[in-house]
Amino acid sequence: MIDLRSDLLGPRPPGVAAAVRAAAARAPAMEYGEDPDERALMDELQAELGVEAVVFVPTCTMANQIAIRLHLPQGGQLASAARAHVVTVEARATALTGAAPGVLPDNNGHLSPSTVSAFLARLEPGDAALVWLENTHMLSGGSVMPRRWQPEIGAICRAAGVAVHLDGSRLWNAAVAQDAPMSRLIAGCDTAAISLNKAIGAPLGSVLCGSRSAVDEAVRWRDALGGGWRPLGGVAAAARAAVKGWRDRLATDAAMARALAEALNARLGEATVQTPETNLIFLDRPRGDAVAFVETLAHHGVRTIALGRTRIRLALHGGVREGEVAAIAAAVEAAAAGDGQAS
Ligand SMILES: *Cc1c(COP(=O)(O)O)cnc(C)c1O
């Protein structure tokens with residue numbers, strides 16, 4: 001069975017198990033920042049991300065939900081793309097913040113600087129707003145934000161006194177796609193959330209980064225939301241080991257996704273799937289039932305997930321071998337033939 005349900009299903013990177021064992025042999029820590037691995041993880045990421053401060057939280061959902069509370073009073077407008085994770089998958093959590101969803105037009109999941117300018121121009125004095133970016137954009141096939149957009153949007157928003165948050169759950173994949181340092185993809189944003197369990201293979205955890213004062217306030221919200229996990233030596237040590245060498249480990253995921261997209265288009269017809277920019281492939285079953293297709297495909301040895309009624313996601317990760325790409329494409333073709341819908 002080849003499991004493509006998510007890119008959090010890759011193997012634990014080398015060094016993770018040993019790091020956890022070493023942490024388990026130490027006395028546990030209790031307070032925020034007391035554990036040496038937690039402190040080192042924060043220091044190392046702070047340097048790599050080019051930010052003042054970082055806090056380690058259990059999930060990227062929590063990092064995002066903290067960010068809304070940091071930047072937006074109740075009733076303020078959360079300006080995002082229609083299919084942003086924060087207003088789709090996280091809709092129920094976001095509703096609890098009291099944010100008013102303000103959907104803006106997007107380009108393959110990304111808000112352009114001119115769209116953001118036009119939005120800011122429409123705000124009335126006293127209106128509270130938060131501009132929300134997502135890179136890569138999950139429901140847009142893992143698309144990468146155009147290089148210059150987020151620093152430009154940051155500058156426009158700063159001039160207007162409006163905060164910008166980046167949901168960078170898969171920012172690692174964007175950094176590899178654009179051969180850019182992580183810090184450049186965060187520049188201009190007030191806060192960013194980044195998953196450590198997707199793509200780079202930590203067993204769990206995400207970070208929220210930003211200014212010292214934003215992160216101090218974020219720690220209070222983390223605790224209020226039940227994310228004051230402790231003693232966290234083991235998870236911090238594991239995450240720290242996963243961050244080491246991430247870029248080299250990630251490079252093949254996008255190449256495999258491209259090869260798989262080509263193989264699918266060759267077998268099922270041109271433009272069956274979009275050419276992926278990163279590690280995610282979406283297969284549309286315009287007349288089909290995605291849930292039934294996922295089941296059929298599992299019988300052919302490939303596990304995937306349905307996102308919505310007609311879309312299936314295939315996530316490439318470090319647990320897939322390049323030699324398996326052809327077998328995956330063949331399984332999808334067999335499943336498509338089986339459900340009587342050729343493309
Ligand atoms: C997965 C994901 C999240 C949430 O991450 P969890 O750690 O599962 O809560 C947030 N944003 C995006 C874009 C994601 O893909």
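Source: prediction; values computed, not measured.

## Considering the nonpolar core
What tends to happen in soluble globular proteins is that the nonpolar side chains get buried as a cluster. In terms of nonpolar packing, the biggest core is built from 58 residues, with Phe56, Val131, Trp172 and Leu196 touching the most fellow members. Among the elements that take part in this core, helix α10 (residues 233–243) stands out by supplying 8 residues, more than any other. Residues contacting Trp172, with those up to four places away along its chain left out, are Leu45, Met182, Ile194, Ser195, Leu196, Lys198, Ala199, Ile200, Trp246 and Leu250.

## Overview of the side chain of Thr278
If you trace the backbone, Thr278 turns up in the loop between α11 (246–268) and β9 (280–284). For Thr278, a relative accessible area of 1% translates into the label buried. A polar atom in the side chain of Thr278 sits 2.7 Å from the backbone oxygen of Gly142. Apart from the residues within four sequence positions on either side, Thr278 is in contact with Thr136, Gly141, Gly142, Val144, Asn173, Ala174, Ala177, Ala254 and Ala257.

## Some thoughts on the packing of aromatic side chains
Counted by the stated rule, this structure contains 2 aromatic pairs. When the ring of Phe56 is compared with that of Trp229, the centres are 4.8 Å apart and the planes differ by 45 degrees; the resulting orientation is tilted. In this pair, Phe56 is assigned in strand β2 (residues 53–57) and Trp229 in the loop between α9 (212–224) and α10, connecting sequence segments 173 residues apart. Relative accessible area serves as the criterion here: at 0%, Phe56 is assigned to the buried category.

## Focus on the domain arrangement of the protein
Along its sequence, the protein is carved into domain 1 (12–243) and domain 2 (246–338). Taking only C-alpha atoms, the centre of domain 1 and the centre of domain 2 are 27 Å apart. Listed as interface residues are 27 residues of domain 1 and, on the opposing side, 14 residues of domain 2. Three residues, Gly141, Asn173 and Val176, lead the burial of domain 1 against domain 2; their summed loss comes to 27% of the area buried on that side. At the junction of domain 1 with domain 2, the criterion picks out 0 salt bridges. Linking domain 1 with domain 2 are 9 residue pairs in polar contact (both at pLDDT 80 or more). Listing elements by their share of the side of domain 1 that touches domain 2, those giving two or more residues are α7 (171–177) and α10. Per-element tally for the side of domain 1 that touches domain 2: the top contributor is α7, with 6 residues.

## Quick word on helix α6 (residues 149–160)
Under the 1.5 Å per step criterion, the end-to-end length of α6 is 16 Å for 12 residues, consistent within 8% with the ideal 16 Å. Turning to α6, its buried residues number three or more, namely Trp149, Gln150, Ile153, Gly154 and Cys157. Projected onto a plane normal to the axis of α6, the buried residues spread over an arc of 130 degrees and lie on a single side. Within α6, the exposed residues directed more than 90 degrees away from the buried face are Arg158 and Ala159. Contact partners of the buried residues in α6: α5 (113–122), β5 (129–134), β6 (163–167) and α8 (182–186).

## Some remarks on the pattern of salt bridges
When the charged atoms of two side chains with opposite charge come close together, those side chains can pair. One pass over the structure, following the stated rule, counts 12 salt bridges. When the shortest N-O distance is used, the salt bridge between Arg26 and Asp35 registers 3.1 Å. The exposure class assigned to Asp35 is buried, which follows from its relative accessible area of 3%. The partner of Glu44 in a salt bridge is Arg240, and the shortest N-O contact between them spans 2.8 Å. Residue Glu44 is located in helix α2 (residues 36–49), and its partner Arg240 is located in helix α10; the two are separated by 196 residues in the primary sequence. Relative accessible area serves as the criterion here: at 33%, Glu44 is assigned to the partly exposed category.

## Describing the site of the ligand
With respect to spatial proximity, the complete set of residues near the ligand consists of Thr59, Cys60, Thr61, Asn64, His85, Glu90, Glu134, Met138, Asp167, Ser169, Arg170 and Lys198. Take Cys60: an N or O atom from its main chain is 2.9 Å from an oxygen atom of the ligand. Protein chains bury 87% of the 380 Å² of accessible surface belonging to the ligand in isolation. No other element matches the 3 residues that helix α3 (residues 60–71) contributes to the shell around the ligand. Looking at the shell around the ligand residue by residue, the class counts come to 2 nonpolar, 5 polar and 5 charged.

## Thoughts on the sheet that holds strand β11 (residues 305–306)
Spatially, the 3 strands line up as an open sheet ordered β9-β12-β11, and their pairing is antiparallel. Sheet topology places β9 and β11 at the edges, where each strand pairs with a single neighbour. Of the pairings in the sheet, the one linking β9 to strand β12 (residues 311–315) comprises 5 bridges and is antiparallel in character. Each residue of the ladder has a partner; that of Phe282, found in β12, is Arg313.

Each value, and the rule that gives it
Residues numbered from 1 in each chain as written. Predicted model: local features only at pLDDT ≥ 70, side-chain atom pairs only at ≥ 80, totals over all residues. Heavy atoms only, no water. Core = buried A, V, L, I, M, F, W, Y, C linked by side-chain atoms within 4.5 Å. Buried < 20%, exposed > 50% of the residue type's maximum accessible area, 1.4 Å probe, protein only. Helix = DSSP H or I, 4+ residues; strand = E, 2+ residues; numbered from the N terminus. Contact = heavy atoms within 4.5 Å. Polar contact = N/O pair within 3.5 Å; in protein donor to acceptor, adjacent residues only side chain to side chain. Phe/Tyr/Trp six-rings, centres within 6.5 Å; stacked < 30°, edge-to-face > 60°. Domains from an automatic or database assignment. Buried area = accessible area lost by both parts, 1.4 Å probe. Salt bridge = Lys/Arg side-chain N within 4 Å of Asp/Glu carboxyl O. Expected span 1.5 Å × (residues − 1). Arc of directions from axis to C-beta. Near = heavy atom within 4 Å. Areas by Shrake-Rupley, 256 points an atom, 1.4 Å probe, with all protein chains shown as cover. Nonpolar A, V, L, I, M, F, W, Y, C, P; charged D, E, K, R; others polar. Pairing = 2+ DSSP bridges.

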